[in-house]
Every structure is written in C-alpha cells, then in structure tokens.
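One letter stands for each residue in the lines below.
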Amino acid sequence: EVQLVESGGGLVQTGGSLRLSCATSGFTSDDYAIGWFHQVPGKQREEISCSSVGGVASSYADSVKGRFTIDRDNAKNTVWLHMNDLKPEDTGVYYCAARRGARLCALYGMDYWGKGTQVTVSS
C-alpha cells in the first residue's frame, strides 16, 4: 500500500520554526519527485517546494525562498520541510506528494498524496 504520512505540524509564533516530516512507504521514493504543498481553506492548493527525482535538485515558491528548506533521505524514505521565520500567511495544511520519474512537481501531476498536517502561525 502506498502511503505518505505527514507529521510535525502544530502551533508556532510568528518568527518561529517548525520541521515537517513526510514518511513514505509502498514505493521506491528515489524514483519519485517529492513535493510539499500548502492549502488554505477556500483557496487553491499550491506547491511550495519540490525535490526532484533522485534528490538532485530542489525548487521553492517565491513566498518561501530563503525561509524554507526541503531535505530528503531516500534510505530512510523520509522528506522534511524545514520552515524558518514563519509568518501568519504560512498557516494552513501542508501536504506531501510524490510524482514518478519527475524532475519537477506539479499540482495536477502528482501520483500520490498524503493527508496533510496543520500548521498554525500566531500573529
């Protein structure tokens, strides 16, 4: 069974930090790009970071560049999102997702999705 399970969300003050984890199973993570997506109720889910197949490259949305870092360890089947200098607009549900054989992530191209973890940043 393919699974992606996010964890590490919670409540943090503005300017604080969190580390989200995405534990994968049921597929060979090294064959997939793994991305993190953010969604606020009523709004489109958006890609915030992506680690390409093999972990050879990383990309970030402009809104999080310099603040968030994606990291992966395929041997541990885990992908992390290190979030620093958090802002209230970072509040929302964070999802990890996997795309087979991809250099880039894409909202409508991901093969597998986790169920998300909530992050709340207080003002």
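Described in the following lines is the structure provided in the data block.

**What to know about the pairing of strand 11 (residues 117-122)**
Next up, step 1: In strand 11, alternate side chains face the same way, and those of Thr-117, Val-119 and Val-121 are buried while those of Gln-118, Thr-120 and Ser-122 on the opposite face are not.
Next up, step 2: Two elements, strand 2 (residues 11-13) and strand 11, share three bridges in a ladder whose sense is parallel. Each residue of the ladder has a partner; that of Gln-13, found in strand 11, is Ser-122.

**So, the nonpolar core**
Next up, step 1: If you look at the biggest cluster of nonpolar residues, it comprises 23 residues, and the most contacted ones within it are Trp-36, Phe-68, Leu-81, Met-83 and Tyr-94.
Next up, step 2: Elements represented by at least two residues in this core include exactly strand 3 (18-25), strand 4 (32-39), strand 7 (68-73), strand 8 (78-83), strand 9 (92-100) and strand 11.
Next up, step 3: Setting aside residues up to four positions removed in sequence, Met-83 forms contacts with Gly-16, Ser-17, Leu-18, Leu-20, Arg-67, Phe-68, Tyr-94 and Val-119.
Next up, step 4: Residues Ala-33, Phe-37, Cys-50 and Cys-105 belong to the second largest nonpolar core, which totals eight residues.

**Side note on the state of the cysteines**
Next up, step 1: Under the definition given, this model contains two disulfides.
Next up, step 2: Residue pairing for Cys-22: its cysteine sulfur links by disulfide to Cys-96, the two sulfurs lying 2.1 Å apart. Its torsion about the S-S bond being 70 degrees, the disulfide of Cys-22 and Cys-96 is classed as right-handed. One end of the pair, Cys-22, is in strand 3; the other, Cys-96, is in strand 9, with 74 residues separating them in the sequence. Of the two residues, Cys-22 and Cys-96, neither departs from the other in class, the shared state being buried.
Next up, step 3: Bridging Cys-50 to Cys-105, the disulfide has an S-S length of 2.0 Å. Here the disulfide of Cys-50 and Cys-105 is right-handed, its torsion about the S-S bond being about 75 degrees. Note that Cys-50 is positioned in strand 5 (residues 46-51) and Cys-105 in the loop between strand 9 and strand 10 (112-113), a separation of 55 residues in sequence.
Next up, step 4: Cysteine pairing for the chain (bonded cysteines numbered in sequence order): 1-3, 2-4.

Rules of the game
- Residues numbered from 1 in each chain as written.
- Predicted model: local features only at pLDDT ≥ 70, side-chain atom pairs only at ≥ 80, totals over all residues.
- Heavy atoms only, no water.
- Buried < 20%, exposed > 50% of the residue type's maximum accessible area, 1.4 Å probe, protein only.
- Helix = DSSP H or I, 4+ residues; strand = E, 2+ residues; numbered from the N terminus.
- Pairing = 2+ DSSP bridges.
- Core = buried A, V, L, I, M, F, W, Y, C linked by side-chain atoms within 4.5 Å.
- Contact = heavy atoms within 4.5 Å.
- Disulfide = S-S within 2.5 Å.

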